[in-house]
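Notes for the structure review
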Amino acid sequence: MRLAAGLLALLALSGLAAPIAAQEIAAARYDGPTTRYAHGVLGDAVEYEDLVVTLTDGSRHRVHWDAPMVFEDTAPRLADVTGDGAPEVITVETHAEKGARLAIWRFDGAGLVPLARGAFIGQTHRWLAPAGAGDLDGDGVIEIAYVDRPHLARVLRLFHIEGDGLREVARLTGVSNHRIGEPRIFGGLRACPEGPALVLADGAWREVLAVRFDGRALSTSVLRPYAGPETATGCGG
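The model shown is predicted, which means the values in this text are computed figures rather than measured ones. (Residues numbered from 1 in each chain as written. Predicted model: local features only at pLDDT ≥ 70, side-chain atom pairs only at ≥ 80, totals over all residues. Heavy atoms only, no water.)

**What to know about the pattern of salt bridges**
Going by this rule: Throughout this description, the term salt bridge denotes a Lys or Arg side-chain nitrogen within 4 Å of a carboxyl oxygen of Asp or Glu. Helix and strand labels come from DSSP, where a helix needs a run of H or I of at least four residues and a strand needs a run of E of at least two; each type is numbered from the N terminus. Think of it in three bands: residues with accessible area under 20% of the maximum for their type are buried, residues over 50% are exposed, and the middle band is partly exposed, with areas taken using a 1.4 Å probe on protein chains only.
Under the defined criterion, the tally for this structure stands at 15 salt bridges. Between Arg62 and Asp50 there is a salt bridge, with its nearest N and O atoms 2.8 Å apart. Highlighted residues: Arg62 in strand E3 (residues 60-64) and Asp50 in strand E2 (residues 47-55), separated in sequence by 12 residues. Given the relative accessible area of 8%, Asp50 is considered buried. Between Glu168 and Arg171 there is a salt bridge, with its nearest N and O atoms 2.9 Å apart. Judged by relative accessible area, which is 28%, Glu168 ranks as partly exposed.

**Points about the side chain of Thr34**
Applicable threshold: Contacts were defined at the residue level, with two residues in contact if any of their heavy atoms lie within 4.5 Å.
Along the chain, Thr34 falls in strand E1 (residues 25-34). Take Thr34: its relative accessible area is 10%, and that puts it in the buried class. Ignoring anything within four residues of it in the chain, the contact list for Thr34 reads Ala45, Val46, Glu47, Tyr48, Glu49 and Val70.

**Remarks on the confidence of the model for the protein**
Selection rule: The predictor rates its confidence in each residue with pLDDT, a number between 0 and 100.
Overall, the predicted model of the protein reaches an average pLDDT of 91, with 88% of residues at or above 70. Every residue in residues 1-14 is under pLDDT 50, and counting partners more than four places away or in other chains gives 3 contacts.

**A word on the environment of Ile161**
Looking at where Ile161 falls in the secondary structure, it is placed in strand E11 (residues 155-162). Each C-alpha atom of the pair Ile161 and Val141 lies 9.1 Å from the other, and the pair is 20 residues apart in sequence. Residue contacts for Ile161: discarding those within four places in its chain leaves Val81, Ile104, Leu115, Ala116, Ile144 and Leu166.

See the structure below:
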């Protein structure tokens, strides 16, 4: 036993010991409910002050917002937006006077730090609804999508991460993925044999659409009539 322990110590000192696996984000949730931001777009008056992330080793890390900030969202989303094989966390953060913005958090080995943030919409009680994240055009770069003001402007915006911000690469008007008062966001990203697409509704909520990106522009095709708030991200029509 002493010989084995001595050998392990020698290997560690020489750099030959097996490296310790890096911890990755395994789950995320919101906590710290608060009613200090009176918007209620998701059906109640409750938003959240905290983002809580659980790592693969079971440890937890937390981000806390004091006024005037809250997380105004249904749930945080895990997605590998950098292409390194480890997930980051996509959230919606809202400022009481400036409205919502998209924000992405990562674990840096010590705690949660911001990876990239978009601009605030610019006015109180103005919100955005995440639509999905993935390599939509097959070039190896992840696109991140949300619907800007899904009840008013109804604009799908597509972004790449650039530095610590988001650079818009395409947009499409006349679509939505949320109706005021509903507790969840409609649609999302679907991966099918014909290629990935974002599933949204048209702006009048009559049709379910597949939205595709060819690296230059967004295009739509009709999947089916809208018949209720089903997730609608499966293949086959």
